[in-house]
Amino acid sequence: MLEYLTNFDTTALLAVNGFHNLFQDALWWMVSAKWSSLLILLALLWVLLHQNRRHAMLVVVMLALAFVVADQISSGIIKDMVERLRPTHDPSLESSVHVVNGYRGGMYGFVSSHAANAFAASMLISLVFRRRWVAISIFTWALLQCYSRVYLGVHYPGDILGGIIVGLLSGWLVWLLMRWIERRWRISGGHYTRADEITMSTSVVVTIVAIVTAALCQTLL
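The model shown is predicted, which means the values in this text are computed figures rather than measured ones.

Looking at helix H2 (residues 22-32)
Of all 11 residues in H2, 8 are buried; the element is thus mostly enclosed. Within the span of H2, buried status applies to Gln-24, Asp-25, Ala-26, Leu-27, Trp-28, Met-30, Val-31 and Ser-32. Buried residues in H2 make contact with helix H5 (113-129), helix H6 (132-151) and helix H8 (194-220). For H2, the side-chain oxygen to backbone nitrogen distance between the N-cap and Phe-23 is 3.2 Å, and the N-cap itself is Asn-21.

Okay, here's the thing in structure tokens:
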């Protein structure tokens, strides 16, 4: 069973990574970049500026905590415990992997900290806003970031799945802590409007459009 899953993981990786071209190299490189979520973060901060100050500060602190928890569990504990080589560092596979811009990542890949961080943030934000299009857009963006890691050849799909599970659990646990703090210190929750929902979902759409446009320009020029 384990051998079957490993073979499936490898086959799926090579299928995604092998379907490459210059446009996709540029596109998924940008999606995977650390700065790619900047506009979404700025939109979140803008929305929080119009909320109760104590609630807004709590959301920012809890979001940072969600990142720390997800990152420490994925990179600080699981990767060193499992020691699963990334495809780009596996001697039996590295020659078959298409590498973009010379990027190979660290030695170990299970679980993906990119996936864990993205889904921890998405889970917490969706629970805080309780707005359908916020959840749909933010989770869509998280999935695109996950796909980019497989395309770049630095993670197996199984690494991504593990990271998603870690992220969802981290985000949910931090949200439970946030709810306890709100009750303990009597901090009123946020009141997010339709306008806030549009602001957040639009920031995701604009981010995607901007990256696609930039990738096209880089490819054609």
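There's more to say after this.
Some thoughts on the nonpolar core
Of all hydrophobic cores here, the largest spans 59 residues; its most connected members are Leu-124, Val-128, Phe-129 and Met-200. Listing elements by their share of this core, those giving two or more residues are helix H1 (2-18), H2, helix H3 (38-49), helix H4 (53-82), H5, H6, helix H7 (157-184) and H8.

Comments concerning unusual backbone geometry
Between Phe-110 and the following residue, Val-111, the backbone shows a cis peptide bond with an omega angle of 5 degrees. In this structure, Val-111 sits in the loop between H4 and H5. The phi torsion at Glu-83 lies on the positive side, around 55 degrees, for a residue other than glycine. Relative to the assigned elements, Glu-83 resides in the loop between H4 and H5. Of note, Arg-186 is a non-glycine position whose phi angle comes to about 55 degrees, a positive value. Along the chain, Arg-186 falls in the loop between H7 and H8.

Focus: the packing of aromatic side chains
The final tally for this structure, using the stated rule, is 5 aromatic pairs. Measuring from ring centre to ring centre gives 5.8 Å for Trp-29 and Tyr-103, while their planes differ by 80 degrees; the resulting arrangement is edge-to-face. Taken together, the residues span a long stretch of sequence, with Trp-29 in helix H2 and Tyr-103 in the loop between H4 and H5 at a distance of 74 residues. Measuring from centroid to centroid gives 5.7 Å for Phe-119 and Phe-139, while their planes differ by 45 degrees, and the two rings are tilted. One end of the pair, Phe-119, is in helix H5; the other, Phe-139, is in helix H6, with 20 residues separating them in the sequence. We classify Phe-119 as buried; its relative accessible area is 5%. Positioned above the aromatic ring of Tyr-156 is the side chain of Arg-84, whose terminal nitrogen or guanidinium carbon lies 4.0 Å from the ring centre. Sitting over the face of the ring of Trp-185, Arg-184 holds its NZ or CZ atom 5.1 Å from the ring centroid.

Some words on the packing of H2 against H8
In the contact formed by H2 and H8, the axes pass within 8 Å of each other and the chain directions differ by 140 degrees. Taken as axis vectors, H2 and H8 run oblique relative to one another. Here the hand of the crossing between H2 and H8 comes out right-handed. Along its contact with H2, which presents Leu-22, Phe-23, Ala-26, Leu-27, Met-30 and Val-31, the element H8 presents Ile-211, Val-212, Ala-214, Ala-215, Leu-216, Gln-218 and Thr-219. Residues belonging to the contact of H2 with H8 are distributed by class as follows: 11 nonpolar, 2 polar and no charged.

Some details on the side chain of Gln-51
By the secondary structure assignment, Gln-51 is in the loop between H3 and H4. Gln-51 gets classed as buried once you look at its relative accessible area, which sits at 11%. A polar contact is formed between the side chain of Gln-51 and the backbone nitrogen of His-191, at a distance of 2.8 Å. The residues contacting Gln-51, other than those within four sequence positions of it, are Gly-190, His-191, Tyr-192 and Asp-196.

Some points on the pattern of salt bridges
Pairs may arise between side chains of opposite charge once their charged atoms sit close together. Summed over all chains, the structure comprises 5 salt bridges. A salt bridge links Arg-84 to Asp-159; its shortest N-O distance comes to 3.0 Å. Of the two residues, Arg-84 sits in the loop between H4 and H5 while Asp-159 sits in helix H7, which places them 75 residues apart along the sequence. Residue classification places Asp-159 among the buried residues on the basis of a relative accessible area of 0%. Close ionic contact of Arg-179 with Glu-182 constitutes a salt bridge, the shortest N to O distance being 3.1 Å. Pair noted here: Arg-179 and Glu-182 are both in helix H7, with a separation of 3 residues, about one helical turn.

Reading the values: rules and limits
Residues numbered from 1 in each chain as written. Predicted model: local features only at pLDDT ≥ 70, side-chain atom pairs only at ≥ 80, totals over all residues. Heavy atoms only, no water. Buried < 20%, exposed > 50% of the residue type's maximum accessible area, 1.4 Å probe, protein only. Helix = DSSP H or I, 4+ residues; strand = E, 2+ residues; numbered from the N terminus. Contact = heavy atoms within 4.5 Å. Polar contact = N/O pair within 3.5 Å; in protein donor to acceptor, adjacent residues only side chain to side chain. Core = buried A, V, L, I, M, F, W, Y, C linked by side-chain atoms within 4.5 Å. Phe/Tyr/Trp six-rings, centres within 6.5 Å; stacked < 30°, edge-to-face > 60°. Lys NZ or Arg CZ within 6 Å of the ring centre and 35° of its normal. Axes fitted to C-alpha atoms, helices over the stretch in contact; angles between N-to-C directions. Parallel < 35°, antiparallel > 145°, perpendicular 65-115°, else oblique. Left-handed = near helix turned anticlockwise from the far one by under 90°. Nonpolar A, V, L, I, M, F, W, Y, C, P; charged D, E, K, R; others polar. Salt bridge = Lys/Arg side-chain N within 4 Å of Asp/Glu carboxyl O.

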